[in-house]
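A structural walkthrough
Chain by chain, the residues run as shown.
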Amino acid sequence: MNEEQINEIGQEISLAYIFHEGYGYFKSATVAQWLGVESLPGWPHKTILDLIAIDFISDAAAEGNQGAKRLTSYFMLHGNYSGRQTILGGNANLNSFESMLTAINLQKAIAPHFIPQFEV
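Model, not experiment: these values are computed from the prediction. (Residues numbered from 1 in each chain as written. Predicted model: local features only at pLDDT ≥ 70, side-chain atom pairs only at ≥ 80, totals over all residues. Heavy atoms only, no water.)

Structural notes on the pattern of salt bridges
This is how it is decided: A carboxyl oxygen of Asp or Glu within 4 Å of a side-chain nitrogen of Lys or Arg is what we treat as a salt bridge. Put simply, DSSP H or I for four residues or longer makes a helix, DSSP E for two residues or longer makes a strand, and each gets a number counted from the N terminus.
A complete count under the given rule lists 2 salt bridges for this structure. For glutamate 12, the salt bridge identified is with arginine 70, shortest N-O distance 2.8 Å. Taken together, the positions of glutamate 12 in helix 1 (residues 3-16) and arginine 70 in helix 4 (residues 66-78) put the pair 58 residues apart, joining distant regions of the chain. Residue lysine 108 is joined to aspartate 55 by a salt bridge in which the shortest nitrogen-to-oxygen separation is 2.8 Å. With lysine 108 in helix 6 (residues 97-110) and aspartate 55 in helix 3 (residues 50-62), the pair connects residues that are 53 residues apart, well separated along the chain.

Pasting the structure below:
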């Protein structure tokens, strides 16, 4: 993947990002569209925390989904808003991959997984 393609993916992701109360979200329908499915399996909400969305995307990439592989390439290079907020804002030890994963998993556990105001 060349730099121009990475920039295109980044622009697509940036345009889809929703920021709410210090966290990054996507519309669930957008993530489903990226994956080429009607809706996210087992996800009834209209929005999805970026860290949770990346779990869906990673699972789809592991199953061979080309759209998911494309997005995963970007997230592996650039991360995501909530993940950066967790790592940088939480003063995690950046020398330890395990501590970064722990910080991100903690963020997933305590962050609101969707925006309730969008559900009305």
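There is more to say, and it comes next.
Describing the packing of helix 2 (residues 28-35) against helix 3
Under the convention used in this document: For helices, the axis comes from a line fit to the C-alpha atoms of the stretch in contact; other axes are also lines fit to C-alpha atoms, and the angle between any two N-to-C directions lies between 0 and 180 degrees. Working rule for angles: under 35 degrees goes down as roughly parallel, over 145 as roughly antiparallel, 65 to 115 as roughly perpendicular, anything else as oblique. Crossing handedness is defined as follows: a turn of the near helix away from the far one that is anticlockwise and smaller than a right angle gives a left-handed crossing, while the clockwise case is right-handed. In what follows, residue pairs with any heavy atoms lying within 4.5 Å of each other are defined as contacts. The nonpolar class holds Ala, Val, Leu, Ile, Met, Phe, Trp, Tyr, Cys and Pro. Asp, Glu, Lys and Arg form the charged class, and all remaining residues, Gly among them, are polar.
The N-to-C vectors of helix 2 and helix 3 enclose an angle of 15°; their axes lie 11 Å apart at closest approach. Classed by the angle they form, the pair helix 2 and helix 3 counts as roughly parallel. In this structure, helix 2 crosses over helix 3, and the sense of that crossing is right-handed. Contacts between helix 2 and helix 3 pair Val31, Trp34 and Leu35 from the former with Ala53, Phe56, Ile57 and Ala60 from the latter. Its residues assigned to classes, the contact of helix 2 with helix 3 comprises 7 nonpolar, no polar and no charged.

Structural notes on the environment of tyrosine 25
For clarity, the cut-off: Think of it in three bands: residues with accessible area under 20% of the maximum for their type are buried, residues over 50% are exposed, and the middle band is partly exposed, with areas taken using a 1.4 Å probe on protein chains only. Within 3.5 Å is the distance limit for a polar contact, defined as a pair of N or O atoms, with the added protein rule that one can donate a hydrogen and the other accept it, and that residues adjacent in sequence qualify only through two side-chain atoms.
Note on placement: tyrosine 25 falls in strand 2 (residues 23-27). On the accessibility criterion, tyrosine 25 (0% relative accessible area) is buried. A sequence separation of 22 residues divides tyrosine 25 from threonine 47, and the C-alpha atoms of the two residues are 6.5 Å apart. When sequence neighbours within four positions are dropped, the list of residues in contact with tyrosine 25 reads Ala16, Tyr17, Ile18, His20, Ile48, Leu49, Asp50, Pro112, His113, Phe114 and Ile115. In this structure the side chain of tyrosine 25 is engaged in a polar contact, spanning 3.0 Å, whose partner is the backbone oxygen of proline 112.

Let's talk about the sheet that holds strand 1 (residues 18-20)
Defined as follows: Should DSSP find at least two bridges between two strands, the strands are taken to pair.
Strand order across the open sheet formed by 3 strands is 1-2-3, with antiparallel pairing between neighbours. Two strands close off the open sheet at either side, each with one partner strand: strand 1 and strand 3 (47-49). Across the sheet, the mean angle from the axis of one strand to that of its neighbour is 40°, orientation sign disregarded. In the packing of helix 2 onto the sheet, the strands contacted are strand 2 and strand 3, and the crossing angle to strand 2 comes to about 65°.

Things to note about the confidence of the model for the protein
The criterion, for reference: Per residue, pLDDT measures the predictor's confidence, with a range of 0 to 100.
Summary statistics for the protein give a mean pLDDT of 83 and a share of 82% for residues scoring 70 or more. Mean pLDDT values over the elements of the protein span from 55, in helix 5 (residues 81-89), up to 96, in helix 2.

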